[in-house]
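Structural features, examined
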Amino acid sequence: MKLNQTKLPDVFLIEPEPRLDERGLFCRLFCKQEFATVGLDFDPVQMNLSKNTHCHTLRGMHYKPAPYGEPKAIRVVKGKILDVAVDIRQESPTYLQHICVELSSENMRSLFLPIGIAHGFLTLRDDTDVLYQMGSYYMPGNESGLRWDDPTLAIEWPYTPKVINERDANFELLDHHL
């Protein structure tokens, strides 16, 4: 697998290197040693699954404030998403900048997000399943988020969400938030 640094520090796009033969394919999706070669100390302790019934479902932009931050690797196991990561680390040179990456079951890519990144996605197909490898245990009651359509972030979503829950739709705008 290849770990490709994105424009956001410590955010990596992970590209699999499948080996093909008459049986199909085989590839590594995670290797702690390879993560360490790029300076990432990621030790998953939990896996979560997000099942999304409808195309154009939006989840996000979620994060956990310090000290409850959650490093994570996101992968689509069925379907397709536009995955969005926003740097909310105030000391970062890319503070409030974002990246958008297409993840799908076909391209088998994943995205690693360190603590201090707000995350969300828009499904691009019906019946899309997203798998999260989490680097810390879930601590209920510490959730926060950014508005998906905040003009300060200027995220260019390819479609208007058809399904979004009330909490995600009503996070405060940045001028009231951070």
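The shown structure was predicted, so the numbers you read here are calculated from the model rather than taken from an experiment.

Thoughts on unusual backbone geometry
- In the segment running from Gly 60 into Met 61, the intervening peptide bond is cis, with an omega of 10°.
- In this fold, Met 61 is placed in strand β6 (residues 58–63).
- For the peptide bond that leads from Ala 66 to Pro 67, omega is 5°, which places it in the cis range.
- Within the secondary structure layout, Pro 67 lies in the loop between β6 and β7 (72–78).
- For Asp 10, which is not glycine, the phi torsion reads 65° and is therefore positive.
- Along the chain, Asp 10 falls in the loop between β1 (2–5) and β2 (12–15).
- Note on Asp 10: relative accessible area 36%, which makes it partly exposed.
- A positive phi angle, close to 70°, is found at His 56, a residue other than glycine.
- Along the chain, the position of His 56 falls in the loop between β5 (46–52) and β6.
- The class for His 56 is buried, based on a relative accessible area of 11%.

Quick word on the sheet that holds strand β12 (residues 128–134)
- The antiparallel open sheet is built from six strands, whose spatial order is β1-β2-β10-β7-β12-β5. Unpaired on one side and paired on the other, β1 and β5 mark the two borders of the sheet. Across this sheet, the average inter-strand angle for adjacent strands is 25°, counted without regard to direction.
- In terms of strand pairing, β7 meets strand β10 (residues 110–113) through four bridges, oriented antiparallel. Along β10, the bridge assignment pairs Lys 72 with Leu 113.

Some remarks on the sheet that holds β6
- In space, the five strands of this open sheet follow the order β9-β8-β11-β6-β13, with antiparallel pairing throughout. The sheet is open, and its two borders are formed by β9 (98–104) and β13 (144–145), each paired with just one other strand.
- Relative to β13, β6 runs antiparallel, the two being bridged by two bridges. Looking across to β13, one finds that Tyr 63 is bridged to Ser 144.

Concerning the packing of aromatic side chains
- Under the counting rule described, the total for this entry stands at six aromatic pairs.
- On the basis of an interplanar angle of 80° and a centroid distance of 5.7 Å, the ring pair of Phe 30 and Phe 42 is categorised as edge-to-face. Taken as a pair, Phe 30 in the loop between β4 (24–26) and α1 (32–37) and Phe 42 in the loop between α1 and β5 lie far apart in primary sequence, twelve residues in all.
- Note on Phe 30: relative accessible area 25%, which makes it partly exposed.
- When the centroid spacing of 6.3 Å and the interplanar angle of 65° are considered together, the rings of Trp 148 and Trp 157 count as edge-to-face.
- We classify Trp 148 as buried; its relative accessible area is 15%.
- Through successive ring pairs, a cluster of aromatic residues spans Phe 30, Phe 35, Phe 42 and Phe 112.

A look at the environment of Pro 65
- Looking at the element boundaries, Pro 65 is found in the loop between β6 and β7.
- A relative accessible area of 34% means that Pro 65 is categorised as partly exposed.
- Not counting residues within four places of it along the chain, the set of residues in contact with Pro 65 comprises Asn 142 and Ser 144.

Concerning the state of the cysteines
- The final tally for this structure, using the stated rule, is zero disulfides.
- Here Cys 27 stays unpaired: no disulfide links it, and the sulfur of Cys 31, its closest cysteine neighbor, is 13 Å away.
- No disulfide involves Cys 55; its sulfur sits 16 Å from that of Cys 100, the nearest cysteine.
- Relative accessible area serves as the criterion here: at 19%, Cys 55 is assigned to the buried category.

Parameters and conventions
- Residues numbered from 1 in each chain as written.
- Predicted model: local features only at pLDDT ≥ 70, side-chain atom pairs only at ≥ 80, totals over all residues.
- Heavy atoms only, no water.
- Helix = DSSP H or I, 4+ residues; strand = E, 2+ residues; numbered from the N terminus.
- Buried < 20%, exposed > 50% of the residue type's maximum accessible area, 1.4 Å probe, protein only.
- Pairing = 2+ DSSP bridges.
- Axes fitted to C-alpha atoms, helices over the stretch in contact; angles between N-to-C directions.
- Phe/Tyr/Trp six-rings, centres within 6.5 Å; stacked < 30°, edge-to-face > 60°.
- Contact = heavy atoms within 4.5 Å.
- Disulfide = S-S within 2.5 Å.

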